[in-house]
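# Coordinate inspection notes
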Amino acid sequence: MQAKKRYLILLSAGTCLVLLFYFGGVQLPSSGRNRHDRSHNGYRPDQPWPHFSDPLQQFLLWDQPDTEEYNIHISPRQKRDVNTSVYKGKRCRMDSCFDFSACKRNDFKVYVYPQQKGEKISESYQNILSIVEGSRFYTTDPGQACLFILSLDTLDRDSLSPQYVHNLKTKVQNLHLWNNGRNHLIFNLYSGTWPDYTEDLGFDIGQAMLAKASISTEIFRPNFDVSIPLFSKEHPRTGGDRGYLKYNSIPPFRKYMLVFKGKRYLTGIGSDTRNALYHVHNQEDVVLLTTCKHGKDWQKHKDARCEKDNAEYDKYDYREMLHNSTFCLVPRGRRLGSFRFLEALQAACVPVMLSNGWELPFSEIINWNTAAVIGDERLLLQIPSTVRSIHQDKILALRQQTQFLWEAYFSSVEKIVLTTLEIIQDRVLQQESRSTLMWNSHPGGLFALPQYSAHLGDFPFYYATLGIKPYPKFTAVIHAVTPLVSQSQPILKLLVSVAKSQYCAQIIVLWNCDKPLPAKHRWPATSVPVIVIEGENKVMSSRFLPYETIVTDAVLSLDEDTVLSTTEVDFAFTVWQSFPERLVGYPARSHFWDSNKERWGYTSKWTNDYSMVLTGAAIYHRYYHFLYTNFLPASLKGMVDQLANCEDILMNFLVSAVTKLPPIKVTQKKQYKETMMGQVCVNLTNDLFERWHPMTSSRASRWADPDHFAQRQTCMNKFANWFGGMPLVHSQMRLDPVLFKDQVSILRKKYRDIERL
Amino acid sequence: MCASGKYSSRGPALIPRMKTKHRIYYITLFSVVLLGLIATGMFQFWPHSIESTADWGLDRRSVHDAPLIRLPVSNPIPERGDLSCRMHTCFDVYRCGYNPKNRIKVYIYPLQRFVDEVGVPISSTGLSREYNNLLSAISDSEFYTDDVTRACLFVPSIDVLNQNSLRIRETAQALAMLPRWDKGMNHLLFNMLPGGPPDYNTALDVPRDRALLAGGGFSTWTYRQGYDVSIPVYSPLSADVELPERQPGPRRYFILSSQTAIHREYRAELERLKEENGEALLLLDKCSNLSQGVASARKRCYKGQVFDYPQILQESSFCVVLRGARLGQATLSDVLQAGCVPVILADSYILPFSEVLDWKRASVVIPEEKLPEMYTILKSIPHRQVEEMQRQARWFWDAYFSSMKAIGMTTLQIINDRIYPYAACTYEQWNNPPLVKWSSVNSPLFLPLIPPRSPGFTAVVLTYDRIESLFRVITEISKVPSLAKLLVVWNNQNKSPPEGEKKFKCPECTAIDGLSLDQTHMVERSECINKFASVFGTMPLKVVEHRADPVLYKDDFPEKLKSFPNIGSL
């Protein structure tokens, strides 16, 4: 038994050993095999960088930063001063060549030198100056100014051009505010001349910033200069045409894949690429046409291909090709930029850039990869296969982005100039600057003011992009203009019914009445806080001030005599949550073009479409309060205040200019049917029933004034003039509750009160 | 992977007590099985072990085995970096070619040990752990090629991460000796600590011809926009310390300064801020009374109170990252890892990967001059924004800072994006954290357009065999003025569609479609919805309570004046 026991122990010990060995043995080769397999089945034949087993040193020693600290004796302030003195001229940066102290916090003001007698100024430059003078940045006081703009025309610095201004050097030096160009901005479209087209302006710009077209990456000083697009004399001053894309077609391919039609230079700078274009021309969907016929003595330089090229060139129409091509080639000319770039952008023809070294327009803020194909002149022959490889989805996105960028930054001289100023303002204010997302997505940087908030979620435009939702409550702002005398006044009824809304966070009563504030106890007791604010100067515009007490994203704007039920408010708010960037209101109005009077007309008739909703009862994002107050010029706001009218029209103009979409009308209770119908049938031309309820008839109201309607007509035309076009858009749609007037039991309807008379 | 490994580790079965008679039988049986096992083990083990030792040999390779190269004093030195270099002037794009994947090929030179004529190495540290990790990552990536003739980008194995450990002139000579150097064309150097005392240049001082520089600490004067790549300074703590991600929100401190090497002028200003704002600020410095050792890097002190670093960073909303002798600071990485919003005070500094990353969403940049106003500036930032920046900061670290591999891959992707710009990563891909990527809605038709009526619409009618119903639909729909085209999809394999030009008349057919009343039909559709939702991983449908009607819908108004009078007449 003893021996057997020993035998058993020996055996089991052996078993354990063997098992250990077995498992250990299996593990090693199997891991080895895995590695082996990976290197065979993978995309590479061998392990290229060996895994070194030595204990390697770290690149950064723990105490290195400390020891290095002892090496700096120079004070950081001195170091900054050194930078300022060292980095000049071609190495200018904001840190070294710009005086930030001249720009007080939150105050970016631009001074324009007064125009001197006898100085001729081109129309384009005149436009630029008048746009700056009309902008909210303008100041007449050089002491307040952060940025200076010359009244000397620097746009055309081609010495062979008739627009060329001579003796600029002395003229500039004689300006007593010049200060070696510090905080100056110089606009330029053309520089240098035949044959080398250097980018020299012909005078010493000192420490001035350049806003220059066709600027090359070598000359361009990042975050200091601004690259602007080349625009023609005919480029509209304000407004400007919209992009040509009217609807999206899917699949997004057009008749041609890639087109070009332009001059060929044969020799000299910029001729190489255009001379080689014929290699990729296939006469079918890639149509690249050049002509040698330009200049006086083209016959002298012409080569063997000229005749053939010229003949082919004449067969096609530039406009036709532009509008019917998916991609447009934009090769460099003598200079790096060309008019073609903007033309292609507007025509929704995706630009294919072949201009090595061109710092693209507004490159500091625009991500051009989303709207253009950046090609390389050296790889011309690959261009057709490159554009063919681009997926349909990408083409669709590129094309839409061309339209967004065109309308946001390029469609008028005004947009180009304002974008330039806003870019510089962003650099100056730093904390209050736009993120890349704000510049590159709808509605663009000119309408998204960073002074409003640093948080993207505070704007109405980025909810979907960020995957968030607006705050699910609203603040009601009631505009009170009549004293509180009786307890049956409509404002009190309104207060109660609005306060009952489940989405109401608070009510602000804006006391714009000359009489003193009523005592607190005169306001009805409500479940939500009621805040009474005394209106600033008691003017109309104060109803759209960005009050800090408005904490919700949504604002319900109300006139004191508005009649609204809680159900109506609830429903409108749920609609707004789906369209947070738009105006959601009840009574709607429309505009039309009066061809007899050649001006815009305003109508309150019941029509099949509308383009405005009255802000006497409308829900919108609180950002529009900020935009109304800070974006619109004093002239328009002043007009509104003076007339005590049109503030709603102006708000509609503003929101539609931003969104490019109509407001949204929701259904409302038809309370005073007979009055309304009577008026409609008589088809009154004036606007006595401007409001949808008869409160107005009982007392003297601004709405009953016969001038009121005429004023609104005038307002519309004034506003359209400032916006450079008519931003309002018509809609034929009204949003009703889902079961509205359907033949089902009223008990099944959530918003049943809206249907009840 | 982890889960499957658990099953194989079960121990052997217990040997049961049994009668002596059977014992021998069992022992024999057991022995046979054992022998079998041993045999299998041997069989499995031996043939592969030969290979595996070879593999081990490769893995055990030492940096000291690398060939030794002696640099003659007279060897040429490359020119200093050309500040005007851009991709179209200094980069040979022909080497990258056109390929369907739009991916550049990267070659890594094999390791060599360079020494000067007397045998002194060109670098005091040789290959660092970090550079080794970086090169391993590149060689494991899809960018790698071992075919030098097909390469678009060349990465030398000479480690220049830290200029302090380099002999400038000899390193430059070594670079020039690389077989494909060719004026540094298409060569990429990684450097994190540039410059040296007393001036601390903001770019690597090693002359390098036209080579691209991925540098940490570029200033706007040395950075060649669109050519160089600005990279972070890797923090060794990234690998050593694990900080769990914290929910964004307010923290114990408002501002925290944790750097130990801060110029006394700036420290004085920070202390002034501390006096004014008290508890909201925590101003840490190195600990003077700690026992020496590596641990000192992991401790910070305030008036004798000891804090764990970098854990303490998680206790603050904002963390100061001040320039030191150099602009790039490893602290930035620690701060991001902690999900603390970096407050960067380094004038003219080019932020890491600024070509693609939107730092506005993850940091606050304040001019050094405005350090005294820091508190007021930060206080003006809305809470929701602070929370978003905290989340964004952590995401930047996870994606682009956390390892040498992340830094290397990001750098290569940026260069790749320049060479194939039409296939470049989008802003959203670079900047949106996974949470946002999931929840955001990006409509492919994002342009606000109200299309004109003129192109009309195409009606697509799906049909099986109910011809009469089909004809009724066609007749009705063809009355619509905006109809541009009518497409009938014949979804029936058994019958062929009716031929010829049929005159479409509305036949007398039952008005109400019985199908949707069918109970099983509804059940099936519910199942569909559940199935789709599970595949989408979420319920993409949204509920609204509104419906679009024509403006004058059901209004008490003459019908003949309405644009769409017949809607809802059913």
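Each residue is numbered by its place in its chain's sequence as written, counting from 1. Here every chain gets a letter starting at A, and every ligand a number starting at 1, in the order they are written. Given that this is a predicted model, residues contribute local features only at a pLDDT of at least 70 and side-chain atom pairs are listed and counted only at 80 or more, while totals for whole chains, interfaces and linings are drawn from all residues. In computing side-chain values, all of the structure's heavy atoms are included and hydrogens and water are not.

Stated formally: UniProt positions are given in the numbering used here, feature names are shortened, and annotations may be inferred rather than shown by experiment.
The name that an unreviewed UniProt entry assigns to chain B is Exostosin glycosyltransferase 2, with the source organism given as Oncorhynchus mykiss. Per UniProt, chain B has the following entry under Subcellular location (unreviewed entry): "Endoplasmic reticulum membrane". According to the UniProt record, the Sequence similarities (unreviewed entry) comment for chain B reads "Belongs to the glycosyltransferase 47 family."

In the annotation of an unreviewed UniProt entry, chain A is listed under the name Exostosin glycosyltransferase 1b and assigned to Oncorhynchus mykiss. Comment text from UniProt for chain A, heading Cofactor (unreviewed entry), reads "Mn(2+)". The record in UniProt for chain A states the following under Sequence similarities (unreviewed entry): "Belongs to the glycosyltransferase 47 family."

## Let's talk about the packing of helix α19 (residues 623–631) of chain A against helix α21 (residues 647–659) of chain A
All names here are of chain A. The criterion, for reference: Axis lines are fitted through C-alpha atoms, for helices just across the contact stretch, and the angle between N-to-C directions can take any value from 0 to 180 degrees. A helix here means a DSSP run of H or I that spans at least four residues, while a strand means a run of E at least two residues long, and both kinds are numbered starting from the N terminus. Just so you know how the angles are binned, under 35 degrees is roughly parallel, over 145 roughly antiparallel, 65 to 115 roughly perpendicular, and the rest oblique. Residue contacts follow a heavy-atom distance rule, with two residues in contact if any of their heavy atoms lie within 4.5 Å. Ten residues, namely Ala, Val, Leu, Ile, Met, Phe, Trp, Tyr, Cys and Pro, are considered nonpolar, four, namely Asp, Glu, Lys and Arg, are considered charged, and the remaining ones, Gly among them, are considered polar.
Running from N to C, α19 and α21 cross one another at 100 degrees; their axes reach a closest spacing of 11 Å. The angle between α19 and α21 places the two elements in the roughly perpendicular class. Contact residues: α19 offers Tyr624, His625, Leu627, Tyr628 and Phe631, while α21 offers Glu647, Leu650, Met651, Leu654, Val655, Val658 and Thr659. Broken down by class, the residue content of the contact of α19 with α21 amounts to nine nonpolar, two polar and one charged.

## Focus on the sheet that holds strand β16 (residues 530–534) of chain A
The condition that has to hold: When DSSP finds at least two bridges between two strands, those strands are taken to pair.
Spatial ordering of the open sheet is given by β16(A)-β15(A)-β14(A)-β17(A)-β22(A)-β18(A)-β23(A)-β24(A)-β17(B), a layout of nine strands whose pairing is mixed. On the outer flanks of this sheet lie β16 of chain A together with β17 (546–550) of chain B, each paired with one strand and no other. Both strand β18 (residues 584–585) of chain A and strand β22 (residues 617–621) of chain A contribute to a ladder of two bridges, which runs antiparallel. The residue of β22(A) that forms the bridge with Val584(A) is Ile619(A). Taken strand by strand, helix α18 (residues 566–578) of chain A contacts β14 (474–480), β17 (554–559), β18, β22, β23 (664–666) and β24 (733–737) of chain A together with β17 of chain B, and its axis lies near 30 degrees from that of β22(A).

## Remarks on the pairing of strand β9 (residues 256–263) of chain A
All names here are of chain A. Note the threshold: Under the scheme applied here, a residue whose accessible area is under 20% of the maximum for its type counts as buried, over 50% as exposed, and between as partly exposed, the area being computed with a 1.4 Å probe on protein chains only. Seen with its strands pointing away from the viewer, a crossover is right-handed if its path from the first strand over the helix to the second goes clockwise.
When you tally the buried positions in β9, you get seven out of eight residues, the bulk of the element. Looking at chain direction, β9 and strand β11 (residues 325–331) are connected through three bridges and run parallel. Its bridge partner being in β11, Tyr256 is matched across the sheet by Ser325. Bridge analysis of β9 against strand β10 (residues 286–291) gives six bridges, and the strand direction is parallel. By the bridge assignment, Val259 is partnered in β10 with Val287. Handedness of the β9-helix α7 (residues 271–276)-β10 crossover: right-handed.

## Focus: the state of the cysteines
All names here are of chain A. Let me state the cut-off plainly: When two cysteine sulfur atoms lie within 2.5 Å, the pair is treated as a disulfide.
The final tally for this structure, using the stated rule, is nine disulfides over all chains. Here Cys292 engages in a disulfide with Cys306; their sulfurs sit 2.0 Å apart. The S-S bond linking Cys292 to Cys306 shows a torsion near -100 degrees; that makes this disulfide left-handed. With Cys292 in the loop between β10 and α8 (298–301) and Cys306 in helix α9 (residues 306–315), this pair connects stretches of sequence that are 14 residues apart. Given the relative accessible area of 1%, Cys292 is considered buried. Overall, Cys306 belongs to the buried group, its relative accessible area being 0%. For chain A, the bonded cysteines connect in the pattern 1-2, 3-4, 5-6, 7-8, 9-10 when numbered consecutively along the sequence.

## A word on the nonpolar core
The cut-off we apply is this: We call a set of buried residues a nonpolar core when its members are Ala, Val, Leu, Ile, Met, Phe, Trp, Tyr or Cys and they connect through side-chain atoms within 4.5 Å of each other.
In this structure, Phe327(A), Phe190(B) and Ile419(B) are the most contacted members of the largest nonpolar core, which totals 105 residues. Ranked by residues supplied to this core, first place goes to helix α11 (residues 404–419) of chain B with seven residues. Once residues lying within four places of it in the same chain are set aside, the contact partners of Phe190(B) are Tyr131(B), Leu134(B), Ile138(B), Val155(B), Val160(B), Leu161(B), Ala214(B), Ile231(B), Gly408(B) and Thr411(B). Grouped together as the second largest cluster of nonpolar side chains are 81 residues, Ala145(A), Ile149(A), Phe224(A) and Leu345(A) included.

## Digging into the pattern of salt bridges
Where charged atoms of side chains with opposite charge meet at close range, the side chains can pair. This is how the line gets drawn: Here, a salt bridge means any Lys or Arg side-chain nitrogen found within 4 Å of an Asp or Glu carboxyl oxygen.
On inspection of all chains with the given rule, the structure shows 51 salt bridges over all chains. Asp158(A) is the salt-bridge partner of Arg335(A), the closest N and O atoms lying 3.2 Å from each other. Linking Arg335(A) in the loop between β11 and α11 (339–346) with Asp158(A) in the loop between β4 (156–157) and α6 (168–173), this pair joins segments that are 177 residues apart in sequence. This pair shows no difference in class: Arg335(A) is buried, exactly as Asp158(A) is. For the salt bridge of Arg547(B) with Asp549(B), the shortest nitrogen-to-oxygen distance reads 3.0 Å. Note on Arg547(B): relative accessible area 19%, which makes it buried. Note on Asp549(B): relative accessible area 6%, which makes it buried. Counted as one network, the salt bridges with shared partners bring together Arg136(A), Glu422(A), Asp426(A) and Arg434(A).

## Remarks on the interface of chain B and chain A
We apply this condition: Throughout, the accessible surface (probe 1.4 Å) given up by two parts as they are put together, summed over both, is called the buried area. Distance and chemistry together define a polar contact, namely a pair of N or O atoms within 3.5 Å, with one atom able to donate a hydrogen and the other to accept it when in protein, and with adjacent residues in sequence counting only for side-chain atoms on both sides.
Contact with chain B, which involves 145 residues of that partner, is made by 140 residues of chain A. For the pair chain B and chain A, the summed buried area comes to about 12,800 Å², and 58% of that belongs to carbon and sulfur atoms. Interface area lost by chain B to chain A is led by Trp221(B), Glu545(B) and Val551(B), which between them contribute 7%. There are seven salt bridges connecting chain B and chain A. One salt bridge connects Lys750(A) with Glu545(B), and the closest N-O pair in it is separated by 2.5 Å. Counting across the chain B and chain A interface gives 43 residue pairs in polar contact (both at pLDDT 80 or more). Among the elements that line the side of chain B that touches chain A, the one with the most residues is helix α2 (residues 20–59) of chain B, at 18 residues. Looking at chain direction, β24(A) and β17(B) are connected through five bridges and run antiparallel.

## Brief notes about the confidence of the model for chain A
Filter applied, for reference: The quantity known as pLDDT measures the predictor's confidence residue by residue, on a range of 0 to 100.
Model confidence for chain A is summarised by a mean pLDDT of 87, while 87% of its residues fall at 70 or above. Ignoring residues within four places in sequence, the model shows residues 672–700 of chain A, a span with pLDDT below 50, making 52 contacts including any to other chains.

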